[in-house]
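Here is what each chain is made of, one letter per residue.
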Amino acid sequence: MKYSALSLFANALSGHKKWPQQWPDATPKKSYDVIIVGAGGHGLGAAYYLARKHGITNVAVIEKGWLGGGNTGRNTTIIRSNYLYDESARIYDHAVDLWDGLSQEINYNVMFSKRGVLMLAHSVHDVQSFQRHIHANRLNGVDNRWLTAEEAKAFCPPLNISKDARYPILGAALQQRAGTARHDSVAWGYARAAAALGVDIIQNCAVTGIKRGADGAVEGVETERGFIGAKKIGVSAAGNSSVIMEMAGLRFPLESYPLQALVSEPIKPVMPCVVMSNSVHAYISQSDKGELVIGAGTDQYVSYSQRGALHIIEETLASICEIFPLFKRMRMLRTWGGVVDVTPDRSPILGKTPVPGLFVNCGWGTGGFKATPGAADLLAYTIAKDQPHPINAPFNLERFTGGRLIDEAAAAAVAH
């Protein structure tokens, strides 16, 4: 490769607007065995696992912008697997297992920090719900335990556990193995590792159509650089999956919502873990650069906007200041938004489509980043084997007509 890991990471930290010029773009071939649409963590990871695990190296990752410039670079870096349903626990815990050794796997520091994720309970209902989660998680081999308010305060000293608080803390659920990682490092690490195995990464090349043959199977994609043939196509384009599926004549049960976040000025280490509050739709952690990373809930309207409504941020900051009075004087540096695809049951779609040779990975909603290595690994398996892995088999498109939903909408213990 032209660039070392150190120089690539330094470039990534210097500002994402320079990424397109700093990555050596591949020249598209006339055809590939597999095309992956979307050069985020999921798409680049799938290309890497196709090459590394399945020996399929004639692969192209096509991206309309620059690699890692979509939701991969717009998230709040949280990793966890404390989901309620069996299917969800398996798929997210598979991802956490891969996160644990990912830096060594791809020889690139993704800064995975198992600092723990603390889920706050503010009501009797919260207490009952989280304790149910804990029991369900333990049955699935997922670590999770209950803390009293005093134990939560000892684990995270900035917490306000006063009984007079507007959101009194009655206790918390702690997944110790959960934590955070550096979002853009994941994209760069997978990109470098995939490219070293022969994968082509083609940026600034929007897909404008999916060509199908007389038998209905895919034959390739129309792009701004012309037609590129492929035997198989995997779509992993967060926020745009339904648009791309329409190019193949498919309508998907997806809605797109803005999801906002913001960061503060950098300070010395003060937050030892990730703290989430489902009741008030707010969560917070601290980055390695010292910024407080704060996330909000999804906006309540469908939109492709990456700005979102101002009142969502205002309500989130008010909640954070109530739970952490220590941060009331903090200045916010910047705010941003991503666009998340959401399914009716708030669980992803990962598998085959009715179109032969067309595969999809979408609908992760707010769970996309934490699932990155697991989703990438399972998408690669499904494409290579032309059938889903047992872990992602339940997350098929047919569940919406058969009624076998994985309804994490109100059960996922998420703060958004």
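It should be emphasised that the depicted structure is a prediction, and the values quoted were computed from it without experimental measurement.

A.B. asks: Let's hear about the overall build of the chain: which residues, and what values?
C.D. replies: Helix and strand counts for the chain come out as 12 helices and 18 strands. A compact globule built from 416 residues would reach a C-alpha radius of gyration of about 22 Å, and the chain, at 21 Å, matches this within 12%. Principal-axis analysis of the C-alpha atoms gives the chain an extent of 70 × 50 × 40 Å. Counting over 416 residues, the chain shows a buried share of 58%. In the chain, once contacts between residues fewer than 6 apart in sequence are set aside, the share between residues at least 24 apart is 76%. As displayed, the chain has an accessible area near 16,900 Å², and 51% of this comes from carbon and sulfur atoms.

A.B. asks: Report on the state of the cysteines, specifying residues and quantitative values.
C.D. replies: Scanning all chains against the criterion turns up zero disulfides. Looking at the unpaired Cys273, the closest cysteine sulfur is the one in Cys156, lying at 4.0 Å. Classification of Cys273 as buried rests on a relative accessible area of 0%. Here Cys321 stays free of any disulfide, with the sulfur of Cys156 as its closest cysteine sulfur at 15 Å.

A.B. asks: Any chance you could break down the packing of aromatic side chains for me, citing the residues and the numbers?
C.D. replies: By the definition in use, this model includes eight aromatic pairs. An angle of 65 degrees between the planes, with centres 5.1 Å apart, marks the rings of Tyr48 and Tyr49 as edge-to-face. Relative to Phe369, the ring of Trp99 lies with its centre 5.2 Å away and its plane at 50 degrees, an arrangement referred to as tilted. Here the residue Trp99 occupies a position in helix 4 (residues 86-100), and Phe369 occupies one in the loop between strand 18 (358-362) and helix 11 (372-385), the gap between them amounting to 270 residues. Positioned above the aromatic ring of Phe227, the side-chain terminus of Lys211 is 5.1 Å from the ring centre.

A.B. asks: Summarise the environment of Leu50; cite the residues concerned and give the values.
C.D. replies: Considering the arrangement of structural elements, one finds Leu50 in helix 3 (residues 41-54). When its relative accessible area of 0% is taken as the criterion, Leu50 is described as buried. With 145 residues separating them along the chain, Leu50 and Ala195 place their C-alpha atoms 12 Å apart. Not counting the four nearest positions on each side in its chain, Leu50 is found in contact with Val34, Ile36, Gly55, Ile56, Val59, Ala380, Ile383 and Ala384.

A.B. asks: Please provide a residue-by-residue account of the pairing of strand 18, values included.
C.D. replies: Moving residue by residue along a regular strand, the side chains alternate between the two faces of the sheet. In terms of burial, strand 18 is largely enclosed, as five of its five residues are buried. Side chains of strand 18 alternate between two faces, with Leu358, Val360 and Cys362 and Phe359 and Asn361 buried alike. Bridge count for strand 11 (residues 226-235) against strand 18 is three bridges, and the pairing is parallel. Within strand 18, the position partnered with Val235 by the bridge is Val360. Where strand 17 (residues 349-352) lies against strand 18, four bridges are found, and the strand directions are antiparallel. Looking across to strand 18, one finds that Ile349 is bridged to Cys362. The turn joining strand 17 and strand 18, which pair antiparallel and follow one another in sequence, is formed by five residues; a positive phi near 85 degrees is taken by Gly357.

A.B. asks: Explain the pattern of salt bridges to me, using residue names and the numbers behind them.
C.D. replies: Under the defined criterion, the tally for this structure stands at 14 salt bridges. In this structure, the salt-bridge partner of Asp97 is Arg177, at a minimum N-O distance of 3.0 Å. Within this pair, whereas Asp97 is found in helix 4, its partner Arg177 is found in the loop between strand 6 (171-175) and strand 7 (179-180), the two being separated by 80 residues in sequence. Overall, Asp97 belongs to the partly exposed group, its relative accessible area being 46%. In this structure, Asp345 engages Arg399 in a salt bridge whose closest nitrogen and oxygen atoms are separated by 2.9 Å. Note that Asp345 is positioned in the loop between strand 16 (332-342) and strand 17 and Arg399 in helix 12 (residues 399-402), a separation of 54 residues in sequence. Across the pair, exposure class does not vary: Asp345 and Arg399 are buried alike. Shared partners join several salt bridges into a network, and the residues in it are Asp93, Asp97, Asp143 and Arg177.

A.B. asks: Describe the confidence of the model for the chain, listing the residues and the values that go with them.
C.D. replies: Model confidence for the chain is summarised by a mean pLDDT of 91, while 93% of its residues fall at 70 or above. Low pLDDT (under 50) marks residues 1-21, which in the prediction has 33 contacts with non-local residues, meaning those over four places away or in another chain.

A.B. asks: Account for the packing of helix 3 against helix 8 (residues 183-196), naming residues and giving values.
C.D. replies: Contact pair helix 3 / helix 8: the axes reach a minimum separation of 8 Å and the direction vectors enclose 30 degrees. By the angle class used here, helix 3 and helix 8 are roughly parallel. Relative to helix 8, helix 3 is oriented so that their crossing is left-handed. Touching Gly41, Leu44, Gly45, Ala47, Tyr48 and Tyr49 of helix 3 are Ala187, Tyr190, Ala191, Ala193 and Ala194, all from helix 8.

A.B. asks: Account for the nonpolar core, naming residues and giving values.
C.D. replies: Counting residues in hydrophobic clusters, the biggest one holds 51 residues, and the most contacted among them are Leu44 and Trp99. Sorting elements by how many residues they give to this core places helix 8 first, with eight residues. Leu44 has contacts with Gly38, Ala39, Val61, Leu67, Ala187, Tyr190, Ala191, Ala194 and Ile201, leaving out every residue within four places of it along the chain. If you look at the next biggest cluster of nonpolar residues, it comprises 29 residues, including Ile62, Met245, Ala248 and Phe252.

A.B. asks: Describe helix 8, listing the residues and the values that go with them.
C.D. replies: With 14 residues, helix 8 extends 21 Å between its outermost C-alpha atoms, agreeing within 8% with the 20 Å of an ideal straight helix rising 1.5 Å per residue. Counting buried positions along helix 8 gives 13 out of 14 residues, so the element sits mostly inside the fold. Looking at the residues trailing helix 8, positive phi occurs at Gly198, about 105 degrees.

About the cut-offs
- Residues numbered from 1 in each chain as written.
- Predicted model: local features only at pLDDT ≥ 70, side-chain atom pairs only at ≥ 80, totals over all residues.
- Heavy atoms only, no water.
- Helix = DSSP H or I, 4+ residues; strand = E, 2+ residues; numbered from the N terminus.
- Rg over C-alpha atoms; globule rule 2.2 N^0.38 Å.
- Buried < 20%, exposed > 50% of the residue type's maximum accessible area, 1.4 Å probe, protein only.
- Contact = heavy atoms within 4.5 Å.
- Areas by Shrake-Rupley, 256 points an atom, 1.4 Å probe, with all protein chains shown as cover.
- Disulfide = S-S within 2.5 Å.
- Phe/Tyr/Trp six-rings, centres within 6.5 Å; stacked < 30°, edge-to-face > 60°.
- Lys NZ or Arg CZ within 6 Å of the ring centre and 35° of its normal.
- Pairing = 2+ DSSP bridges.
- Salt bridge = Lys/Arg side-chain N within 4 Å of Asp/Glu carboxyl O.
- pLDDT = per-residue confidence, 0-100.
- Axes fitted to C-alpha atoms, helices over the stretch in contact; angles between N-to-C directions.
- Parallel < 35°, antiparallel > 145°, perpendicular 65-115°, else oblique.
- Left-handed = near helix turned anticlockwise from the far one by under 90°.
- Core = buried A, V, L, I, M, F, W, Y, C linked by side-chain atoms within 4.5 Å.
- Expected span 1.5 Å × (residues − 1).

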